[in-house]
Amino acid sequence: MSDNPTPSGDGNAVPHGRHRLAVIGAGVMGTGITTLALGRGVDVILVDVSEEILAKARTAATGQLRFARMMGKLPREGATGELVTTTRIEDVAGATAVVEAVTELAPLKAKVLAEVSAVVAPGTLLISNTSAVPIDEQADSVARPEDLVGIHFMNPPYLIHTSELIRGPRSGEAAVAAAQVLLEALGQRGVLVGDGPGFVINRILQRMINEAARIVAEDVADPASVDAAFEGCLGHATGPLATADLIGLDNVVDSLRVLHERTGDAGYEPCALLLEKVAAGDFGRKTGRGFFAYGGSTT
């Protein structure tokens, strides 16, 4: 991975047929998507608001790449993509595809997508890595709605090789086809689904997490017992509360709020225990404590 802190400026100098992916947001998901791309030989421009955040993301991506290769989840042979970091949204102009991977807050996603669509060429694939906000809602913010699709990468994307590919009502066939080609290059299986709050995975998963947290709050079972029941009785690899800790309880609450606001279904209103944990800063694995303890903060 390159140590060059800024792009060369010649954003269009991309070898024929080669992807150059821009990722906006260097948080958990943005860094994970970056790791996935680098491990598949795809060059990445990673954008965030500060050099400090970007430096941490570079270090995290290096460690994740080493781990994924050790686990056999990314190729051990072959080229590694070049990573370039920048704080300037204008530097994504030469990208062949742009992934928005910021926090699950609709106004922030809209702002980022509007800024990106103003600097990239028409026909450039725009991707929202959203877990709950409908793609057609976000399409209102971009100059060319036909260029926008959703890809809901699972966390961590360099270990989980299936994702939801969301076709919005205004997503063009060319954009959907380009997204499928990109996913293939990233070693991902894209399951094509329609639009709507939470799509498939989170429309089901977030409600399940919310109910599991309510069960803990009501003293019906402790977190370990809830997860053990799902793992042993239903064959889930990970129970809902450990999954919530991996997602980040702050992200779970944000997604539940999106679902509650857009569906009016009371089952999506974040339960008191989730809100208490988020208020206390116990977000899960990334802070070292959520429903379970992880022995210190993690990346």
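Residues numbered from 1 in each chain as written. Predicted model: local features only at pLDDT ≥ 70, side-chain atom pairs only at ≥ 80, totals over all residues. Heavy atoms only, no water.

Draft legend 1. Layout of helix α3 (residues 106–119). Helix length check: α3, at 14 residues, gives a terminal C-alpha distance of 21 Å against a target of 20 Å (1.5 Å per residue), a fit within 8%. Among the residues making up α3, those that are buried are Ala106, Lys109, Val112, Leu113, Val116 and Ser117. All buried residues of α3 fall inside an arc of 130 degrees around its axis, so they share one side. In α3, the exposed positions angled more than 90 degrees off the buried face are occupied by Pro107 and Ala118. For α3, the secondary structure elements touched by its buried residues are β1 (20–24), β4 (97–100), β5 (125–128), α4 (135–139), β6 (148–152) and α9 (249–263). (Helix = DSSP H or I, 4+ residues; strand = E, 2+ residues; numbered from the N terminus. Expected span 1.5 Å × (residues − 1). Buried < 20%, exposed > 50% of the residue type's maximum accessible area, 1.4 Å probe, protein only. Arc of directions from axis to C-beta. Contact = heavy atoms within 4.5 Å.)

Draft legend 2. Highlighting the pattern of salt bridges. One pass over the full model with this rule turns up 15 salt bridges. Glutamate 137 serves as the salt-bridge partner of arginine 262, at 2.7 Å between the closest nitrogen and oxygen. Placement of the pair is arginine 262 in helix α9 and glutamate 137 in helix α4, with a sequence separation of 125 residues. Residue classification places arginine 262 among the partly exposed residues on the basis of a relative accessible area of 29%. Exposure remark for glutamate 137: the relative accessible area of 32% places this residue in the partly exposed category. Each of Glu100, Glu104 and Lys109 takes part in one network of salt bridges that share partners. (Salt bridge = Lys/Arg side-chain N within 4 Å of Asp/Glu carboxyl O.)

Draft legend 3. Spatial organisation of the side chain of serine 128. Within the fold, serine 128 resides in strand β5. Among the polar contacts listed, one links the side chain of serine 128 to the side chain of glutamate 100, at a separation of 2.7 Å. Ignoring anything within four residues of it in the chain, the contact list for serine 128 reads Glu100, Lys109, Ile135, Gln138, Leu148, Val149, Gly150 and Ile151. (Polar contact = N/O pair within 3.5 Å; in protein donor to acceptor, adjacent residues only side chain to side chain.)

Draft legend 4. A look at the packing of helix α6 (residues 201–217) against helix α8 (residues 240–247). It is at 9 Å that the axes of α6 and α8 come closest, and there the two elements cross at 115 degrees. Between α6 and α8, the crossing angle belongs to the class labelled roughly perpendicular. In the packing of α6 onto α8, the handedness of the crossing is left-handed. In contact with Leu205, Gln206, Met208, Ile209, Ala212, Ala213 and Val216 of α6, α8 contributes Pro240, Leu241, Thr243, Ala244 and Ile247. A per-class count over the contact of α6 with α8 returns ten nonpolar, two polar and no charged. (Axes fitted to C-alpha atoms, helices over the stretch in contact; angles between N-to-C directions. Parallel < 35°, antiparallel > 145°, perpendicular 65-115°, else oblique. Left-handed = near helix turned anticlockwise from the far one by under 90°. Nonpolar A, V, L, I, M, F, W, Y, C, P; charged D, E, K, R; others polar.)

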